[in-house]
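Breakdown of the fold
So the chains spell out like this:
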Amino acid sequence: MAEVRFVAIGDSFTEGVGDELPDGGVRGWADIAAQGWADASGHSIHYANLAIRGKLAWPIVQQQLEPALALKPTHLSFNAGGNDMLRPNADIEHIADSFTRVLRRCDEEGVRLIVLSGANPSERLPMGRMVQRRGDELSDAVMRRIEDRPDVVRALNWPDTELSRAPYWSDDRLHMNAHGHHRVAARVLDALGLEPPQEWWEPVRTPRMGPSGYTYYRQFVGPWITRRLTGTSSGDGRTAKFGTWSQRDPR
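My aim in this report is to walk through the structure given alongside it, one point at a time. (Residues numbered from 1 in each chain as written. Predicted model: local features only at pLDDT ≥ 70, side-chain atom pairs only at ≥ 80, totals over all residues. Heavy atoms only, no water.)

Glancing now at the overall build of the protein chain. Broken down by element type, the protein chain carries 7 helices and 6 strands. For the protein chain, the N- to C-terminal ordering of α and β elements is β-α-α-β-α-β-α-β-α-β-α-α-β. Computed over C-alpha atoms, the radius of gyration of the protein chain comes to 17 Å, within 12% of the 18 Å expected from 2.2 N^0.38 for 251 residues, which places it in the range of a compact globule. Counting only C-alpha atoms, the protein chain reaches 55 × 40 × 35 Å along its principal axes. Classification of the 251 residues of the protein chain by burial places 52% in the buried group. Restricting the contact set of the protein chain to residue pairs at least 6 apart, pairs at least 24 apart contribute 76%. Of the roughly 11900 Å² of accessible surface on the protein chain, 50% is carried by carbon and sulfur atoms. (Helix = DSSP H or I, 4+ residues; strand = E, 2+ residues; numbered from the N terminus. Rg over C-alpha atoms; globule rule 2.2 N^0.38 Å. Buried < 20%, exposed > 50% of the residue type's maximum accessible area, 1.4 Å probe, protein only. Contact = heavy atoms within 4.5 Å. Areas by Shrake-Rupley, 256 points an atom, 1.4 Å probe, with all protein chains shown as cover.)

The next point concerns the packing of aromatic side chains. For the coordinates displayed, the defined rule picks out 5 aromatic pairs. Seen in terms of ring centroids, Phe-78 and Phe-99 are 4.6 Å apart; in terms of plane orientation they differ by 55°. Their pairing is tilted. Of this pair, Phe-78 sits in strand S3 (residues 75-78) while Phe-99 sits in helix H4 (residues 92-109), and the two are 21 residues apart along the sequence. Both residues of the pair, Phe-78 and Phe-99, belong to the buried class. Connected via pairs of aromatic rings, a cluster forms that spans Phe-6, Trp-37, Tyr-47 and Phe-242. Looking at Arg-248, its charged tip hangs above the ring of Phe-242, at a distance of 5.3 Å from the centre. (Phe/Tyr/Trp six-rings, centres within 6.5 Å; stacked < 30°, edge-to-face > 60°. Lys NZ or Arg CZ within 6 Å of the ring centre and 35° of its normal.)

With that out of the way, let us pick up the pattern of salt bridges. For the structure shown, the criterion picks out 19 salt bridges. Residues Glu-3 and Arg-5 are paired through a salt bridge, measuring 3.1 Å at the closest nitrogen-oxygen approach. The salt bridge involving Arg-149 is made with Asp-107; its shortest N-O contact spans 2.8 Å. One end of the pair, Arg-149, is in the loop between helix H5 (128-146) and strand S5 (153-156); the other, Asp-107, is in helix H4, with 42 residues separating them in the sequence. Judged by relative accessible area, Asp-107 falls into the partly exposed class, the value being 40%. Connected through salt bridges with shared partners, the residues Glu-66, Lys-72, Arg-104, Arg-105, Glu-108 and Glu-109 form a single ionic network. (Salt bridge = Lys/Arg side-chain N within 4 Å of Asp/Glu carboxyl O.)

Turning our eyes to something else, we now look at the packing of H4 against H5. Relative orientation of the contacting elements H4 and H5 amounts to 35°, with a least axis distance of 9 Å. Viewed along their axes, H4 and H5 form a crossing whose handedness is right-handed. Here Ile-92, Glu-93, Ile-95, Ala-96, Asp-97, Phe-99, Thr-100 and Leu-103 of H4 lie close against H5, whose contacting residues are Arg-134, Glu-137, Leu-138, Ala-141, Val-142, Arg-144, Arg-145 and Ile-146. (Axes fitted to C-alpha atoms, helices over the stretch in contact; angles between N-to-C directions. Left-handed = near helix turned anticlockwise from the far one by under 90°.)

Burial runs high along strand S4 (residues 112-117): 5 of the 6 residues are buried. Two strands pair when backbone bridges link them, and S3 and S4 are joined in this way by 4 bridges, in the parallel orientation. Following the sheet pairing, Phe-78 is matched in S4 by Val-115. Regarding topology, H4 serves as the crossover connection from S3 to the parallel S4, and that connection is right-handed. By the bridge criterion, 4 bridges tie S4 to S5 in an arrangement that is parallel. Bridging from a neighbouring strand, Val-115 pairs with Arg-154 of S5. Remark: the S4/H5/S5 crossover connection has right-handed handedness. (Pairing = 2+ DSSP bridges. Right-handed = clockwise from strand over helix to strand, strands pointing away.)

Attention now goes to the nonpolar core. With 36 residues, the main nonpolar core has Ile-9, Leu-76, Phe-78, Val-102 and Leu-113 as its most contacted residues. Looking at this core, the elements that each hand over two or more residues are strand S1 (5-9), helix H3 (57-70), S3, H4, S4 and H5. Apart from the residues within four sequence positions on either side, Ile-9 is in contact with Thr-14, Leu-50, Ala-51, Ile-60, Gln-64, Leu-65, Ala-68, Leu-76, Ser-77, Phe-78 and Asn-79. (Core = buried A, V, L, I, M, F, W, Y, C linked by side-chain atoms within 4.5 Å.)

Remember, this is a structural readout, not a statement about activity or role.
Put into structure tokens, the structure is as follows:
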């Protein structure tokens, strides 16, 4: 089997926020998929993850794409736009253009692109109708840009109504929990032609319900509004969790 060098770029979705580890770090779908890739193929792979939470689409491209390509990967995954959609004057076509840029650079470097759409959190979010509408528009815009490229690997989570259900989401309702990240990882492996463990597709148990009402707004919505008003980001001061290659061996 040819050597696999898989690098992921993006925001909190790809960093793994919501799938917290006991040591305070995060895991997420990309980490899970990397290990699953090694397990399903029976060969070690190299894996890097440059994603940082809170990033908008074009800053991801400007700050992460070239360092990722400098690692000389065979595969690069890209997802972006979730944070952009929450901004008042989101330009959907401009966001989708970032996917065109990433595809062009991958073509130039001989790297196979894996495009993901994020999961749909709109059902339980404040301003959920706006999130739903913009997410639909962004998904359509991205698909138009790769519709004539069957070589691009597609792991499309936005249309997955099962993944929109509460058991797949963390307390903040914006990021997936471990169950959600496993389902996304299963979709990535399936799109690559690999067989994920069947249990990754659905929760083995229903997680507890998170806070609601005033507690939810105080704990999650208030801090988000404060960051918008102060021009700060949850990713400020953070660095990539796997900025260089790490090896994942079959278990």
